[in-house]
Amino acid sequence: MADLARLAGVSATTVSLCLNKSPKIPAATRDRIVELAREHGYQSNPYVSALMRSRRNRVSLEHQTPLALVNGLGHPDAWRTSPSATRRLVREGALTRARELGYQIEEFWLHQEGMSPGRFSQMLRARGIQGLLMGPMPDEEPPPPLNWEHFSAVGINVTYKPLPLHVVCSDHHYAITRIVRECHALGYRRPSLVMVRSQRHYFQGLLESGFLSALSELPDVTRIPHLFVESMEDRAKFDAGAFRAWMKRYRPDVLVTLDADFLESILQEQGLSAPTDVGIASLGCAEIGDRHSGICQLGRMKGAAAMNVLVGLVERNEKGFPEQPITTLVEGRWNPGRTLRLLSATGSVTAA
């Protein structure tokens, strides 16, 4: 580094700050030093770099820079207590991985009373937060306009794709196509997608397009209109009569859904059971071995993967929006479960 400083006509400290992308150095100077380092084949030692950052910040390697887990849902405890097991496991996986890597981790609720995005950003900076792991948001709510330039940040799930952030999310296209093919292999020929209307925005059409793509490659299937409902959490907002009429009119033999528990309870209220009367294929099985057949989204693994990406950004001092965002897809695993069954060669089931 001393040789590089001599070539550039600056101090070794300035070279170090430039190579670590410090905002304290003018952009033009940083770019010049980085280019000079590239021309002369300079490569930093990651272990030495980590040690020197720790010494400069007067923080021991055992007590590294604090990171934030940001909950954007409707109440402070909504992520931890989410009805979605996958969401809960993502949070647990992220917290566990951060601690394994020796980082402090704090949880924050985005919608504290009187807290604008600007004030929220200031509060995080005042607490020394360098990295943000942005958790779930309501289906149709846009990402918050934080002062991103001050933080390393990673988004979990497709919610954050409208922002140029690195994102870690489930491979939803793989999940839906795998489900359709597994159902077809079991003899199901009248599959349909049942989902909350707002989830169409959240998933940016990935589920619908993947569903139709998979169907187009399979023989002897009947295309049934998808059913979009207002809610699959609040019974008062679910139109059970409309669901019954839809079932009677289109006679689906398997329902593909993100909310298998809720949908199964509705079927039971209407005198139907899975898999005897109709199959249920879940896009969000909690764990391998779950009673629902479908895709396990490996929540803990996804949370850990997102934390790995965030820690890498923090260690490299990469803040703000990246020049080219990268999306990491976590492929789920098929869970046989007990809500699908092997049908006859014709794919017939008891009429619903």
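Residues numbered from 1 in each chain as written. Predicted model: local features only at pLDDT ≥ 70, side-chain atom pairs only at ≥ 80, totals over all residues. Heavy atoms only, no water.

Section: helix α11 (residues 260-269)
- Of all 10 residues in α11, 7 are buried, a share of seventy percent or more.
- Of the positions making up α11, those classed as buried are Ala 260, Phe 262, Leu 263, Glu 264, Ser 265, Ile 266 and Leu 267.
- Structurally, α11 contributes buried residues whose contacts are with β6 (191-196), α10 (240-250), β8 (254-257) and β9 (279-285). (Buried < 20%, exposed > 50% of the residue type's maximum accessible area, 1.4 Å probe, protein only. Helix = DSSP H or I, 4+ residues; strand = E, 2+ residues; numbered from the N terminus. Contact = heavy atoms within 4.5 Å.)

Considerations on the packing of helix α5 (residues 85-100) against helix α12 (residues 299-315)
- It is at 6 Å that the axes of α5 and α12 come closest, and there the two elements cross at 45 degrees. Here α5 is positioned oblique relative to α12, judged by the angle of their axes. You can see that α5 and α12 cross each other, and the crossing is right-handed. Packed against α5, whose contacting residues are Thr 86, Leu 89, Val 90, Glu 92, Gly 93, Ala 94, Arg 97 and Ala 98, the element α12 presents Gly 299, Arg 300, Lys 302, Gly 303, Ala 304, Met 307 and Asn 308 at the interface.
- Residues that form the contact of α5 with α12 fall into these classes: 6 nonpolar, 5 polar and 4 charged. (Axes fitted to C-alpha atoms, helices over the stretch in contact; angles between N-to-C directions. Parallel < 35°, antiparallel > 145°, perpendicular 65-115°, else oblique. Left-handed = near helix turned anticlockwise from the far one by under 90°. Nonpolar A, V, L, I, M, F, W, Y, C, P; charged D, E, K, R; others polar.)

Side note on the environment of Val 70
- As for its placement among the helices and strands, Val 70 is situated in strand β1 (residues 64-71).
- Taking the C-alpha atoms as reference points, Val 70 and Gly 135, separated by 65 residues in sequence, lie 5.4 Å from one another.
- In this view, Val 70 contacts Trp 79, Phe 108, Leu 110, Phe 120, Leu 133, Met 134 and Gly 135; residues no more than four positions away in its chain are not counted.

Some thoughts on the sheet that holds strand β7 (residues 227-229)
- The sheet built from 6 strands is open, its strands ordered β7-β6-β8-β9-β10-β12 with mixed pairing. Bordering the open sheet on either side are β7 and β12 (333-335), each of which pairs with just one other strand. Neighbouring strand axes in the sheet, compared pairwise and without regard to direction, differ in orientation by 20 degrees on average. (Pairing = 2+ DSSP bridges.)

Overview of the packing of helix α2 (residues 12-19) against helix α3 (residues 27-39)
- Packing of α2 against α3 brings their axes to within 9 Å, and their N-to-C directions diverge by 90 degrees. By the criterion of interaxial angle, the relationship of α2 to α3 is roughly perpendicular. Contact residues: α2 offers Val 15, Cys 18 and Leu 19, while α3 offers Thr 29, Arg 30, Ile 33, Val 34 and Ala 37.
- Class assignment for the residues of the contact of α2 with α3 results in 6 nonpolar, 1 polar and 1 charged.

Observations regarding the nonpolar core
- Among the nonpolar cores identified, the biggest contains 45 residues, and Phe 120, Leu 124 and Leu 132 are the most heavily contacted of them.
- Here this core gets 5 residues from one element, more than from any other, and that element is helix α7 (residues 172-185).
- Once residues within four sequence positions are removed from consideration, Leu 132 is found in contact with Ala 68, Leu 124, Leu 146, Trp 148, Phe 151, Ser 152, Ala 153, Val 154 and Leu 310. (Core = buried A, V, L, I, M, F, W, Y, C linked by side-chain atoms within 4.5 Å.)

So, the confidence of the model for the protein
- Per-residue confidence for the protein averages 88 on the pLDDT scale, and 90% of its residues sit at or above 70.
- Here residues 56-61 is modelled with pLDDT under 50, and outside its nearest four sequence neighbours on either side it reaches 8 contacts, counting other chains as well. (pLDDT = per-residue confidence, 0-100.)

What about the state of the cysteines?
- Under the definition given, this model contains 0 disulfides.
- Lacking any disulfide linkage, Cys 183 is separated from the closest cysteine sulfur, that of Cys 285, by 11 Å.
- There is no disulfide at Cys 285, and the cysteine sulfur nearest it, in Cys 296, is 6.6 Å away. (Disulfide = S-S within 2.5 Å.)

Concerning the pattern of salt bridges
- According to the stated counting rule, one finds 14 salt bridges in the structure shown.
- Glu 106 is the partner of Arg 127 in a salt bridge, and the nearest nitrogen-oxygen pair spans 3.4 Å. One end of the pair, Arg 127, is in the loop between α6 (117-126) and β3 (131-134); the other, Glu 106, is in strand β2 (residues 103-109), and 21 residues separate them in sequence.
- For Arg 127, a relative accessible area of 48% gives the class partly exposed.
- We classify Glu 106 as partly exposed; its relative accessible area is 22%. (Salt bridge = Lys/Arg side-chain N within 4 Å of Asp/Glu carboxyl O.)

With respect to the pairing of strand β4 (residues 152-156)
- Summarising burial for β4: 5 of the 5 residues are buried, a large majority.
- Side-chain alternation along β4 places Ser 152, Val 154 and Ile 156 on one buried face and Ala 153 and Gly 155 on a second face that is also buried.
- Where β3 and β4 come together, 4 bridges link them in parallel fashion. Within the sheet, the bridge partner assigned to Gly 131 lies in β4 and is Ser 152.
- In terms of strand pairing, β4 meets strand β5 (residues 166-170) through 3 bridges, oriented parallel. Looking at β5, one finds that Ile 156 is bridged to Val 168.

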